[in-house]
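Summary of structural features
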Amino acid sequence: MAISGYVMQLQPFSVNDGNGIRTTIFLAGCPLRCKWCSNPEGMSGKVLTGWYEKKCTGCGACAVVCPEHIGINLNQNREHCIGCGKCTMVCPAGARTRMVSLADADDMISDLQKDEIFYHYSGGGVTFSGGEAAAQPAFLDYLSSALYDRNISMALETCGYFDFEKVRKILERMDLIFMDLKLFDDARHRKYTGVSNKRILENIVHLAEIPSKAVIRIPVIGGVNNDEENIRLSARYVHENLPKAKMELLPYHKLGTVKYDAIGMPCPPEEFYRPSAEELEHLKSIVKSEGVELEDFR
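Here is a short report on the structure shown in this document. (Residues numbered from 1 in each chain as written. Predicted model: local features only at pLDDT ≥ 70, side-chain atom pairs only at ≥ 80, totals over all residues. Heavy atoms only, no water.)

On to helix α3 (residues 105-113), then. What α3 keeps buried is the set Ala-105, Met-108, Ile-109 and Leu-112. The arc that holds every buried residue of α3, seen down its axis, measures 100°, which confines them to one face. Summarising the contacts, the buried residues of α3 are in contact with β1 (4-14), β2 (22-27), β4 (96-104), α4 (116-122), β5 (125-130) and α5 (137-149). At the N-terminal boundary of α3, the capping side chain belongs to Asp-104, with an oxygen 3.0 Å from the backbone nitrogen of Asp-106. (Buried < 20%, exposed > 50% of the residue type's maximum accessible area, 1.4 Å probe, protein only. Helix = DSSP H or I, 4+ residues; strand = E, 2+ residues; numbered from the N terminus. Arc of directions from axis to C-beta. Contact = heavy atoms within 4.5 Å. Polar contact = N/O pair within 3.5 Å; in protein donor to acceptor, adjacent residues only side chain to side chain.)

This paragraph deals with the side chain of His-189. Along the chain, His-189 falls in helix α7 (residues 186-193). By relative accessible area, which is 1% here, His-189 ends up buried. Reaching out from His-189, the side chain makes a polar contact with the backbone oxygen of Val-195 at a distance of 2.9 Å. Those residues in contact with His-189, other than ones at most four positions away along the chain, are Leu-32, Lys-182, Leu-183, Gly-194, Val-195, Ser-196, Asn-197 and Ile-200.

A few words now on the side chain of Glu-290. Among the structural elements, Glu-290 can be located in the segment after α11 (277-289). Glu-290 gets classed as buried once you look at its relative accessible area, which sits at 13%. Looking at Glu-290, its side chain comes within polar contact range of the side chain of Arg-236, at 3.0 Å. When near neighbours in sequence (up to four residues on either side) are disregarded, Glu-290 contacts Arg-232, Ala-235, Arg-236 and His-239.

An order of β3-β4-β1-β2-β5-β6-β7-β8-β9 is seen for the 9 strands of this open sheet, with the pairing classed as mixed. Across the chains shown, the open sheet's two edge strands, defined by having one partner strand only, are β3 (48-51) and β9 (246-251). Ignoring strand direction, the axes of neighbouring strands in this sheet form an average angle of 25°. Sheet analysis places β2 next to β5, joined by 6 bridges and oriented parallel. What sits directly across from Arg-22, in β5, is Gly-125. (Pairing = 2+ DSSP bridges. Axes fitted to C-alpha atoms, helices over the stretch in contact; angles between N-to-C directions.)

See below:
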């Protein structure tokens with residue numbers, strides 16, 4: 001029997017989340033609260049409606065159909081929103097939109113099968129991302145099992161904060177696992193993400209137990225984790241505990257800022273910045289000096 005899960009988006013023809021042509025599935029829910037998150041709508045694992053004020057014409061169509069009698073300004077009364085999506089269907093300007101929906105797994109699998117020919121001929125497949133895909137283990141297990149049986153290549157993008165044994169079978173189905181190591185120092189990790197990195201570091205070690213290819217990613221946030229010590233210690237840890245893994249440094253971007261406004265959350269601090277190309281190359285040289293090979297899917 002199929003199950004349902006909370007989904008932010010299915011992004012077809014993606015080329016940055018693994019090899020070949022892919023569909024990236026963004027699953028909602030995440031145990032971390034990274035202060036720079038580019039997908040803040042995925043932090044909470046529940047249905048969510050967004051309101052883009054700059055698109056809003058003030059026509060009031062949303063207020064007419066709202067069963068909770070919420071006015072035009074959704075963010076002023078967001079605690080009453082049940083995420084039914086009725087307003088998104090009548091908004092003529094696209095100012096109201098579903099940012100997280102409850103989706104049926106079998107329906108998703110049927111949609112993915114339509115693009116199988118692109119996956120197979122390009123060496124691509126399906127990438128599970130988030131939010132945090134492992135935050136919905138039963139849903140992810142059902143989807144990955146069905147795709148595995150159809151010989152569709154899969155990749156997983158994860159923050160690494162999960163119970164390894166609960167998702168071991170899922171991880172073993174993956175051809176490629178991207179796992180973040182945002183900060184090596186535990187105190188700094190707690191400060192910027194809200195959780196300890198102990199479990200993440202342990203799970204990097206556990207990745208050596210499964211056959212999937214692993215890429216450890218560092219989202220490089222200027223003013224947070226772009227210091228040489230953090231990069232060096234992170235690379236050294238990967239080399240010592242997961243020697244076959246590669247690393248990828250991803251420069252910070254602010255493309256998700258508009259989403260914060262849409263869900264009524266404060267935007268990331270202005271002092272966070274994107275490292276320059278020269279700085280990024282220097283940090284990459286530190287990774288290589290620690291004996292770790294670099295990867296780049298951008």
